[in-house]
Structures are given as C-alpha cells and as structure tokens.
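# Notes for the structure review
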Amino acid sequence: MSLPQFKLLRPRTVEEAVSLLAKQNASEGLRATRIVAGGTDLIPSMQQKLFEPQHVLDIRRISQLQGIRQTEEGTEIGALTTLTEVEHSDLLQKNYPVLTEAARTVASPILRNMGTIGGNICLDTRCLWYNQSLTWRKSCGFCIKKDGDLCHVAPGGTKCWAAFSADTPAALLCLNAEIEIASSAGFRRTPLREFYTGLGDSYRKLAPNELLMRVILPRSSAGYRGVYRKLRIRGSIDYPLAGVAVALSRSNGNVSEARIALTAVNPAPVLVKGASELLAGKIVDEELAEAIGDLAARTAKPLTTSALTPEYRREMIRVFTKRAVLAVASG
Amino acid sequence: MTKDFSIIGKRIAMVDAAGKTSGAGKYTDDLSLPGMLVGKILHSPYPHARMKRIDTTRAEKLDGVVAVATGKDAPNTYGILPVGHDERALAVDKVRYVGDNVACVAALDEATADRALELIDVEYELLPAYFDPEKAMKAETDLIHDNKPHNIEKDYHHVFGDPEKGFAEADHVAEARFIANEVTHAAMEPHSTLAALEIDSQTGKPGRLTVWSSTQVPYYLQHKLSLVLEMPMSQIRVIKPLVGGGFGGKSEVIPLEIIAAIAARKTRAPVKITYTREEVFWAHRGRPRTIIDLKTGVKNDGRITAVKARVVQDGGAYCSYGVVTILYSGALLGALYDIPNIQYDGYRVLTNKPACGAMRGHGTVNVRFAFESQLDELAAKLEVDPAVIRRRNLLQPPCVTINGLRVQSYGLPECIDRVVERSGWKHRKGKLTRGRGLGIACSHYVSGAANSIIRSDMPHSTVNIKIDRDGGVVVYTGAAEIGQGSDTMTAQIAAEVLGCSLSRVKVVAADTDLTPIDIGSYSSRVTFMAGNATLRAAEEVKKQIALAAAKKMNCAVEELVFRDDGVFNSKSINVGAGVPPVQAPGGDERGRSSPHRSQDQASVSGRVEGQILRGSLQQQRNEEGPKDFMTFEEAVVAAIDFHGALAGTGSYAPPPEARGGKFKGAGVGPSPAYSYSAQVAEVTVDEDTGEVIVHKVWAAHDCGRALNPVSVEGQIIGSVWMGMGQALTEEMVWKDGLLMNPGLLEYRSPSSVESPEVEPIIVESIDPEGPFGAKECSEGSLAATIPAIANAIYDAVGIRLREAPFTPERVLAALRAKKNAKLLDLTEGIDPTAPERFREHGGALWFKGKGPERHASDPARRTEQA
C-alpha cells in the first residue's frame, strides 16, 4: 500500500511548529496537517487512506520535547520521549511504577523504540470496522468515524464507539497527570482526564493548530503503588482489548487514596467513578476487590470493535480489576 | 545396519542461509528490470455480483497509466486441478467474493496505479450470496458456479469394511460435532510476480515470456500461463527466486501470476505486482473452516471398531485444491491407526468467500483434531491411559489399510514411547497442580502424493547432473526451494553419493528453461521424490566415473569407494603413502571441505598450478601406473576423457503398488511412505480468564532418516508452532463474507512471547524406498499439536473444547458452563463444547440509512430507491 502524497514539514522548535500548524490549517479542513512523531500509529493509517493530509509535520527534531525531567511540581515527560525510555526510566520506575508497567506492555520492543508517550496519549481510537484499507471500507460501507454517517458496531446508532486503545493513558489518569499543549496563541494546561471527549470520532480536545508538548506527573502522586493489567491475545504486538490501571497509596496498611482507570473498553480512557470512595480507608480483601471489579465492569462499555466479544472484554475488566487491586494492596 | 555417511545425517547449515540472513538474497520483489511498470489490481467490493459494465477510460487517461487489463484480455479459465478449471485471472461476467479480481492497472509507479484504480467504473448487479456452507448447500438458485448444483463442489461417500457392524460390536461409542475455524498460511513474503515479454527484434511481435514468481510450483505455473495466454509452454520460462515461505499458499497458480503476464503482454513492458498483506488474505488458499461430525466406536480394551465421519468444508468461491482437500480428510483417517471399518461422507462446498486450498497438513489437520480429541474422550470413559489407547490401535506394517493405503516404515510406536518417556507422562499425567495438564495426540502425513494432479505416466521428479573438468558438480532440479531446505537436501544427496565435498555442488533449481520437470514443493514430496531422483542421477554419474577410475586404478568397479573428495581402492586403502586416509577427512564435520585441505592435497599430488596442468598431471599419473587413490577431480577428468562427457539423469515415479485402490477418489491419500508423529503438550489454564499457556511440547517425528537433523528439527518446531497458532490464536473472522482481520495485526500468529519450548525428537524408521531411508518431516507434526493442546486443556481443567481455536473467551465460556456460573454470552451464541454452526462477527455490515454519495451501491439504499 502506498502512502498518499504529502509535503513533509520538519520544524526545529515548538514555536516554528505551531506557526506552521497555524498557517496550514485554515484552508485544509479534512486534509488538515497531521503531526508525526514515532509514526507507529499514523503511518499505517495513512497507508490505509484513513488520513490523506496535505502536510505532515514531523516533530522529531524538536529537542524541547525530549526527555524526562524532575521539576518542582513533579516530573515532566516530553511528548517525544519514547516508550522504551519511559519503560526504562529509574526515576519513573521509582515514583510512578504504574506508568512504567503500562509502557512496558505497549506493542513490542521495536515499536516502543519508535513510539512516543505523546503519541500514545494522542493515539487514534481503534475499531475493526475502521482500521481497514480503503478498498475494505468501501466494500463494507463507510462509518461515522471516516466518510460515513452510521455505525457498524451499534447498528442504528449515531455515536462512534471506536475504542481508545492506548495503554499508558490509563496509568496517567491514575496519577492525576496533566498535559501541556502549545499553539500559536500560547500554552495551555489541562488535566489529562479532561483531554478526552468520550466520543470515538472526535476523541480528544486538541485543535488542529495545537501541539501536545509534555505530560506532567504531580508530586502528590509520586510513590503510589501501581499495577497495570492488559488483556491481549498475544503476549506482544497486540493493542489492549481491555486494560486496567490501579494506583494507590497506603498508610498503616489501609488504603488512603486510590484511583482506577480503564482503557480499550470505551471511546476514552476512563477513571472508575466511586472506586476511590469504596477503597479509601479500607484494608483490601477479596470481597472488596470483587466489589471494585464489579464497579469497573459496569464502567466498561465494550462493543464489537475488536476480535474478542464485548461480553468477554467486560468480564475481563472485572477479573483484571480485582486481581490488580489485590496485587497492589498485597505488594 | 548403520552406514557410515560423510554428509547425510550431519547437521549442515542451509546452503542459502547466509544470503538470507545477510539480506543479500533476492526475492521476487527485490527484482527489477529497465522500464518496469507497477501493476495494481482492482478487487471486487461485493461478495457475489454480476458485472454489467466495466469502463476503464478514465483510468487509462490518467497520466502515468500505461494500460488497464480486464477479463477480456485473457478470458480462458484455469485452476490447479484438471477438474476445477473455474477461475479467471480477471473476472469476465461475475465476481464471487470480496477481493475477487476485476481489473489491473499497469502504471509508472504504485501511487499512480492506486489512483487509477479509483477511476475504473464498474457496474454490478448484486446477487444473493452464501457465506455458510450448510446454507449454501440448500441453495437452488443464484448458484456460485452454474455447473455446481447446491453449490457443492464435490462430495464423496466412502464405505470401507462394515461400519454398522463395527459400531454394533463396540462397547462404547462417542459422537459429536467438531468445528475448526479458518486459518491461513501467513507466510512472511507476500506473493510477488515479475513478468516480462521479449519483443521479437525482427518482427516486433511478442516473443518469449519470462516470469519470476514466488511459487512452490514453477512447472504448474508454466502450464497454466500457457493455457490462459494461449502460448506454447516452450515459449514460457518460469524462474523461482528465493521464496519467503509457502506453506501451501504458493502451491498453485495465484491470480497475480497470470495477471502480471497479461499486463506485460498488453503493455509490452515488464510488469511487477506484489500483493499487499490484505491481498494475500484474499488470495488465501488456506485451510477451510470445517465441520466434522465424528463417531468412533471402541471395545472395552480400547480397540477401535469403526469410525464414521461427515466432513463439510467451507471452500470459498473457487475449487482450487478443494477436491483433493476433501479426499485427504477422508483418506487419512486411515494409515495412522488400524481402523477396520470406516464410513466417510465429505462435502466440499462453495461459498462467497476467498478460495481455500492447500495448507501445511493439507486436509488432515481439522479431522485429526476431532479424531484425537474423541479418542481422548473415549480413553477417559474407558479409564485407559490416552497413550495406551493409541498403542492398542497400531497398524502392523508392512500392510495395506482398509482404504488401500500401503504402509511400510512405521515409527509411530517409537514416537509414542519417546514422548511418553521424555515428558514424564507416566508419573506426571493427572498429578499436576490444578489448572495444569498434559495431553497426547498423534498424526501422520504423506511423503508426496503417489498420484500427481495431472494423471499421466510422467515422472514426478527428474534431476540432471553435469560435471565438468573443473570438478564442479552442477545439479539441475525443478524442485522449488521455499525455505524448507530443498536445495540443501539435493546438494547433500549428490555429494554423499559422489563422495565429494558439499562445496563442490552447485544446485540450479526451479528454472523451467534450465531444469527438468519437477511437479513442485507441496504435499511434502521433495525429499522423497526429488531426493530419489537426485540419488539416481548421482549414481548414474558415479557409475561413469567409476568405470574410468577403475580402469586407471586397474581394479574392479566394485572395489572403489567414493568419499572425501577422492576415489579409493577399498582393497588397498591402507597401503600407499601420501594418500589421505579415509578416517581423517579434511572437511569439517559439516561436510564442507576446508580451504587448507585443498592446499594440502594440491601439494600431495604435485598439483600447484591449477587446472591448466591437469593434462600433464594426467600424463604423470599414467606414467606412474596404477594407483590406489585418485582425487575427485582426477577421477572426473579421467571419466570425461573416457566417456567424452559426464552427465547423468535420474527420475522418480511412485511405484504402482503405492498408488492406492480403484474406487472413485482413491487417487488421493496414497503415498510411497508416511511420516508419523506423537506429541505431548503441557499447558496451564487460567480459570478466571480462560487464557491458555503452552509451556512445553515434546514432539517425536518419524522422518525415516534425518538427512540433516538440524533441518528436521527446524521443521518439527515450525510445525508445532504453526499448529499452536491454529490451536490458540489464529482465526479468520468473518462477517457476511467480509474478512474482518485481513492483516497480521488482527490475524494473530503467535509471537515469540507465547512460543513454548519445543523438544523435537527424531525417530528414524529407515523407509525401504526413501532416499537413504528418508521420509517427509515438514507437515506431519502440525496436526498432532492442536489435539495435544485440546487434550491437555481437558486434563488441566476438565473441559472438552470442540471448536478451535481455543481462544480465552471460548475456554472461559466452557469453564463457566461447567461451573454453572451466570450465563454470559462470551462466544456469540456458540457453545465451544458443542458447536453447531460457524460463528459470525458481531455488529452489522451494511448501512440501514443514508450513506455518503460515493456509497450509492449499498444494497440497503438500492432497495430503498427501487
């Protein structure tokens, strides 16, 4: 499959990048500039003609976006930091183990060498009816997410249910991460949980002229115990079919604060509402873990976006959440 | 008798290994020619439709497009089987599956060709389509092929012995439906073809056609190209470059191979087409999803009294190898165990899906999964050890089975014993921790079909050998190296017979202009058949060398020994100074001669200046009188001087007594020899998630003789691994004939993470007819893996899965049902312990409302408009 034709832009600074973004977008509409970092998400999609941008903005030369740094408020991870770097960072492993564990499960070692944390946060939502070639989609009928106006997974529905399928955002939500976004108008910061819309098609709040710069992990989340559990068929390569991140802090054996987030079972990564309240001040036992698992399963809304059935994926959210909670509490 | 070989039986690196690992080796897609165009194929978006009109004008006008080929450029039908000529390279009147071939654009570059595909206007009239074979069999109208009533490609009904009586005599009978879902080869190299037509420089008319293609069957490709293009075979040259895996997916003519030639003829320029991975899935020819209704009767001691199988294969839209597949499924119920009574009803059914064909373990795998699972059930019912029940049903070779299969060498008992011993079966089976289990299963496969696809008396393999004064041995074989080691095997056999080092042997393979006919690399026939042909060719050459050498050495031909790059007089081998002793070959233990050695030898024989001096060297030898030893080169030169030239030829055709019975369909199943396999798998099952981990597989395989043990082990490990893929993760997911996972991301072949340790155990039964006793080793092991895992899952957690693959959702569904847990629909309504029909992916394919403008052809909309 050939790539559609495009012009490659290669800025060296954030300022240059956002000014290029501001310039390109006004007239391009559907063919708006796409930003490429590791390329592991965008390139296959461009081959499938899911994106046919006039310009591709390659941000890999922008050194400002690289690396992991400790700051006063916590730890910053530049958007261009590879998932391999995240996985092997001693700093992150020590303070935010749930993130390194989630990073370690992404795709395969080779893809993690290319893929970046910024790309993982911005990862396009996925659906078996969407991530297909142009020929395939023509044969099937176009859907809401691309070129059409209806949904194959929820026939009759008008909402897109493509599943958000990145691993690290579930961990980042548990850590109360914030992200910093640049545009020609300046910089803005937003909690990660407000970045996602919950819709499968326009799944993130990132304007065409904006660039994700970094993710900030607050000091208050440092030292949380954490576990990430991922459902996939193969032990490598696969996107998550369901994912659960659990992070909690303890005092005197009791849970003091806890957050649980799910991925790959909704159009956005989601924090499980009520989990913190259920866990706070308690000692985790089998029964409590079970209750949390039930709560998580009710939060999950998987549909037929992937090979495994929705019922199975929901059930695994229950099992994995329970196991993750027990593992964190006993660790 | 153990024979002392110098090259056979040694662990030898593949002769093409370095080229492949360094990237220097050339596969078809690596090739290019001056002025070469890129071909891209337009595929049908509909599963079943009549083509009312095709207009290529707009595409042809696009800058950079040289030509657009359509069905009318070469409308002749073809197919791999003479009874199945139902394909056209490009559709003429009808398309029969999503992905069927409609037109081909030849353009200056790929992007232009892709754009041009969008500009081809095709008007279709949609027809009702059939996706489920049992429904397709009920159809009266809108048949997929007009000459196939009820969409049945072929059905066979075989009765051997008296099955009814056998079941009446049985103490226990098990009966169940098994379903094996569809899998594909997933070879790493996508299909690729480069076709170039010479233009006669005098007349300007098209002349000879040369096709480089990723094929397992160069000769069949040459034949089908001739049929479709209406060119004499002598005007067509097929060359097979390196092939990156076949597994059956390249064992017949694939549409792009003919389409590239059509486009080359139309454009008068070289055209290369390389499939995308999605196109590989559409070209498919994989293992059909299969329904197996199986009934087995046993006596209390475990002896099988009768077997009855009804097999329905969802064959896809074209015949392909289908008739052979459905016959193998029945025929190879025999030849593994002694089954006195067999009833077999096989249906190969057409559906509007990509065509299925031959895939590693062709026809046997899915039925073997059912059979070995059911035997395990019966063993449990009888409280007989599953290894023991298999031992109680052994054949007594040499024998001919009830369905006419001749079995000579039979290493199955030893295979069973070895895996039982190595796995600690007797003290571990049934005694592992909860959730952990062991399972055993057996399988077998042909070493080539005794009857070729095209019925004739033609030898199945012919090999020529030429040796010139330089002492280089050139072996010409049509056998197709596809990564399985065919070239290495050929070189080894030639070198062993001629007693020369492996490095002297150059194999020229799979080029129809240069190499004699070999029917190709499929049904595990190459070692047995091309190996035997090589052996015979080498022996013929050896005989000629021996005649001349014996004269020179003044001894009888029978006294000569060919070994270590020399010819020895065996009677006086130990006398004579300066003769390199047999016991100390200069080559390393991998059979290659070391460079140092040839120098030493040169000084010994006084030869320092190379070949030019050979004449005088000869002279010198003559003057010296009879010798006990000649170097290989000296012997060769003597033979050429004596005979005028040195060449030999050998061919192989299976013996008449191995060709099976006389009934309809008896031609498929017979083989000159069968390989045997027994395996034990150790698994754990997570009872909350249904995830299965295979920890280890002990795999014993009777390959007759291991010509190259490292290669045999590689094939065993590969078979187990591929079988494990079908057992656990690989499955083509369908929705109304649309393949939901046409890529290697969603079609999940196992990754290295879940690959278990495989302990390959080679069993050598020394077949009386195989080359040095060898039989096949590349396919027979696959089929045992699936039931071995199924039986291990049963041992671990007590669930009997009758639908493969055993994905976590299926395993969990069965576990929950066993525990009477709350019912969850984990498997789209199909009970994996008692499946009734094939599963469809959830969701809905077609819009039910308005779509964008360019999707006007949605059938829902069309009804609305009408």
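Bear in mind the structure is a predicted one, so any value in this text is a computation, not a measurement.

Take the overall build of chain A next. The secondary structure content of chain A amounts to twelve helices and twelve strands. For the C-alpha atoms alone, the extent of chain A along its principal axes is close to 60 × 50 × 35 Å. Residues counted as buried form 62% of the 331 residues belonging to chain A. Summarising the internal contacts of chain A: among those between residues at least 6 apart in sequence, 63% fall at separations of at least 24. Summed over its atoms, the accessible surface of chain A is roughly 12,300 Å², and 51% of this surface lies on carbon and sulfur atoms. Taken together, the 42 basic and 32 acidic charged side chains of chain A have centroids lying 3 Å from each other.

Moving on: the domain arrangement of chain A. Residues and elements named next belong to chain A. As assigned here, chain A comprises domain 1 (1–65) and domain 2 (66–122 + 163–330). Between the C-alpha centres of domain 1 and domain 2 the distance comes to 26 Å. Regarding the contact of domain 1 and domain 2, the summed buried area is about 1,600 Å², with carbon and sulfur atoms giving 65% of it. Per-residue buried area on domain 1 facing domain 2 is highest for V18, T40 and L65; these three make up 36% of the total on that side. Taken together, domain 1 and domain 2 are joined by zero salt bridges. Summed over the shared surface of domain 1 and domain 2, the result is three residue pairs in polar contact (both at pLDDT 80 or more). Listed by contribution, the elements that provide at least two residues to the side of domain 1 that touches domain 2 are α1 (14–25) and β2 (34–36). The biggest single contributor to the side of domain 1 that touches domain 2 is α1, with six residues. For the side of domain 1 that touches domain 2, the per-class residue count stands at ten nonpolar, five polar and three charged.

Our next topic: unusual backbone geometry. Residues and elements named next belong to chain B. The linkage connecting P397 with the following residue, P398, adopts the cis geometry, with an omega of 0°. In this fold, P398 is placed in the loop between α11 (386–391) and β16 (399–400). In this chain, A804 is followed by P805 through a cis amide linkage whose omega measures 0°. For P805, the location among the structural elements is in the loop between β31 (803–804) and α21 (808–818). The backbone of R285 shows a phi angle near 65°, a positive value even though the residue is not glycine. Counting through the fold element by element, R285 comes out in the loop between α8 (277–283) and β13 (289–298). For R285, a relative accessible area of 1% gives the class buried. The residue A335 is not glycine, and still its phi comes out positive at about 80°. In this structure, A335 sits in the loop between α9 (322–331) and β15 (342–349).

A word on the nonpolar core. A general trend in soluble globular proteins is that nonpolar side chains are found buried together. All names here are of chain B. Grouped together as the largest cluster of nonpolar side chains are 120 residues, with contacts concentrated most on I789, I793 and F806. Structurally, this core is a two-domain feature, drawing no fewer than three residues from each of domain 1 (31–127 + 188–245 + 250–283) and domain 2 (149–184 + 285–451 + 660–818). Once you skip the residues sitting within four places of it in the chain, I789 turns out to touch A681, V683, V694, M724, A727, L728 and F806. Listed in part, the 55 residues of the second largest apolar core include V463, A509, L560 and L646.

What follows deals with the environment of P709 of chain B. Note that P709 of chain B resides in helix α19 (residues 709–729). Beyond its immediate stretch of four places on either side in the chain, P709 of chain B contacts G9, K10, R11 and I762 of chain B.

In this section: a nonpolar patch on the surface. Together, L3, F6, L8 and I43 of chain A make up an exposed nonpolar region whose accessible area comes to about 290 Å². Here L3 of chain A shows up in the segment before β1 (7–9).

Before going further, it helps to spend a moment on the domain arrangement of chain B. All names here are of chain B. For chain B, the assigned domains read domain 1 (31–127 + 188–245 + 250–283), domain 2 (149–184 + 285–451 + 660–818) and domain 3 (458–652). Buried area between domain 1 and domain 3, both sides added, is near 1,300 Å², and the carbon and sulfur share of it is 54%. The salt bridge partner of D513 is R237, with a shortest N-O separation of 3.6 Å. Taken together, the connections running from domain 1 to domain 3 amount to seven residue pairs in polar contact (both at pLDDT 80 or more). Of all the secondary-structure elements, those providing two or more residues to the side of domain 1 that touches domain 3 are α6 (218–229) and β11 (236–239). A breakdown of the residues in the side of domain 1 that touches domain 3 according to their chemical character gives eight nonpolar, five polar and three charged.

Once that is clear, we can look at the sheet that holds strand β10 (residues 206–213) of chain B. All names here are of chain B. Spatial ordering of the open sheet is given by β3-β5-β1-β12-β9-β10-β11, a layout of seven strands whose pairing is mixed. Each edge of the open sheet is held by one strand with a lone partner, namely β3 (65–70) and β11. Across the sheet, the mean angle separating the axes of adjacent strands is 20° when strand polarity is ignored. Across four bridges, strand β9 (residues 192–199) lies against strand β12 (residues 271–274) in antiparallel orientation. By the bridge assignment, L194 is partnered in β12 with K272. Along the sheet, helix α7 (residues 255–267) contacts β1 (37–43), β3, β5 (101–107), β9, β10 and β12; its crossing angle with β9, the most-contacted strand, is approximately 30°.

Another aspect to go through is the packing of helix α12 (residues 310–330) of chain A against α21 of chain B. Taken N-terminus to C-terminus, the directions of α12 of chain A and α21 of chain B make an angle of 75°; their axes are 10 Å apart at the nearest point. Taken together, α12 of chain A and α21 of chain B sit at an angle that is classed as roughly perpendicular. Across the interface between the two elements, Y312, E315 and M316 of chain A of α12 of chain A pack against P808, E809, L812 and R816 of chain B of α21 of chain B. Of the residues in the contact of α12 of chain A with α21 of chain B, the class split is four nonpolar, no polar and three charged.

The next thing to look at is the packing of helix α14 (residues 486–498) of chain B against helix α15 (residues 526–553) of chain B. Residues and elements named next belong to chain B. Close contact between α14 and α15 brings their axes to 8 Å; oriented N to C, the two are set at 30°. On the basis of the axis angle, α14 is roughly parallel to α15. With respect to the hand of their crossing, α14 and α15 are arranged in right-handed fashion. Side by side, α14 and α15 meet where S486, M489, T490, I493, A494, V497 and L498 of the first sit next to V526, T527, G531, T534, L535, A538, E539, V541, K542 and I545 of the second. When its residues are assigned to classes, the contact of α14 with α15 shows ten nonpolar, five polar and two charged.

Before going further, it helps to spend a moment on the interface of chain B and chain A. Across the contact, 54 residues belong to chain B and 47 residues belong to chain A. Where chain B packs against chain A, one counts five salt bridges. A salt bridge links D238 of chain A to R748 of chain B, with the shortest nitrogen-to-oxygen separation between them at 2.9 Å. There are 18 residue pairs in polar contact (both at pLDDT 80 or more) connecting chain B and chain A. Here the side of chain B that touches chain A gets four residues from one element, more than from any other, and that element is α21 of chain B. Here the residues of the side of chain B that touches chain A are counted per class, giving 22 nonpolar, twelve polar and 20 charged.

All right, on to the packing of aromatic side chains then. Throughout the structure, instances matching the rule amount to 18 aromatic pairs over all chains. The interplanar angle of 45° and the centroid separation of 6.0 Å between the aromatic rings of Y219 of chain B and Y220 of chain B together place this pair among those described as tilted. The class for Y219 of chain B is buried, based on a relative accessible area of 13%. Relative to Y676 of chain B, the ring of Y410 of chain B lies with its centre 4.8 Å away and its plane at 80°, an arrangement referred to as edge-to-face. Of this pair, Y410 of chain B sits in the loop between β17 (406–407) and α12 (412–423) while Y676 of chain B sits in strand β26 (residues 674–685); the two residues are 266 residues apart in sequence, bridging distant segments of the chain. Pairwise contacts between aromatic rings join Y219, Y220, Y321 and Y522 of chain B into one cluster. When the ring centre of Y130 of chain A is taken as origin, the NZ or CZ atom of K145 of chain A, which lies over that ring, is 4.7 Å away. One Lys or Arg, R800 of chain B, reaches over the ring of Y794 of chain B and ends 4.5 Å from the middle of that ring.

Turning our eyes to something else, we now look at helix α10 (residues 365–382) of chain B. All names here are of chain B. End to end, α10 covers 26 Å across 18 residues, agreeing with the expected 26 Å (1.5 Å per residue, within 8%). Burial of α10 is extensive: 16 of the 18 residues sit out of reach of the surface. Where α10 ends, the next residue or the one after it, E383, has phi of about 55°, a positive value.

Residue and element names in this part refer to chain B. Where burial is concerned, most of strand β19 (residues 461–467) is hidden: five out of the seven residues are buried. Sheet analysis places β19 next to strand β20 (residues 473–477), joined by five bridges and oriented antiparallel. In the strand pairing of β20, I467 is matched with V473. The loop that links β19 with its antiparallel partner β20 comprises five residues; one of these, G471, has a positive phi angle of about 80°.

What counts and what doesn't
- Residues numbered from 1 in each chain as written.
- Chains lettered and ligands numbered in written order.
- Predicted model: local features only at pLDDT ≥ 70, side-chain atom pairs only at ≥ 80, totals over all residues.
- Heavy atoms only, no water.
- Helix = DSSP H or I, 4+ residues; strand = E, 2+ residues; numbered from the N terminus.
- Buried < 20%, exposed > 50% of the residue type's maximum accessible area, 1.4 Å probe, protein only.
- Contact = heavy atoms within 4.5 Å.
- Areas by Shrake-Rupley, 256 points an atom, 1.4 Å probe, with all protein chains shown as cover.
- Lys, Arg positive; Asp, Glu negative; His and termini not counted.
- Charge placed at Lys NZ, Arg CZ, Asp CG, Glu CD.
- Domains from an automatic or database assignment.
- Buried area = accessible area lost by both parts, 1.4 Å probe.
- Salt bridge = Lys/Arg side-chain N within 4 Å of Asp/Glu carboxyl O.
- Polar contact = N/O pair within 3.5 Å; in protein donor to acceptor, adjacent residues only side chain to side chain.
- Nonpolar A, V, L, I, M, F, W, Y, C, P; charged D, E, K, R; others polar.
- Core = buried A, V, L, I, M, F, W, Y, C linked by side-chain atoms within 4.5 Å.
- Patch = residues over 30% accessible without salt bridge, like charges linked within 9 Å, V, L, I, M, F, W, Y side chains within 5 Å.
- Pairing = 2+ DSSP bridges.
- Axes fitted to C-alpha atoms, helices over the stretch in contact; angles between N-to-C directions.
- Parallel < 35°, antiparallel > 145°, perpendicular 65-115°, else oblique.
- Left-handed = near helix turned anticlockwise from the far one by under 90°.
- Phe/Tyr/Trp six-rings, centres within 6.5 Å; stacked < 30°, edge-to-face > 60°.
- Lys NZ or Arg CZ within 6 Å of the ring centre and 35° of its normal.
- Expected span 1.5 Å × (residues − 1).

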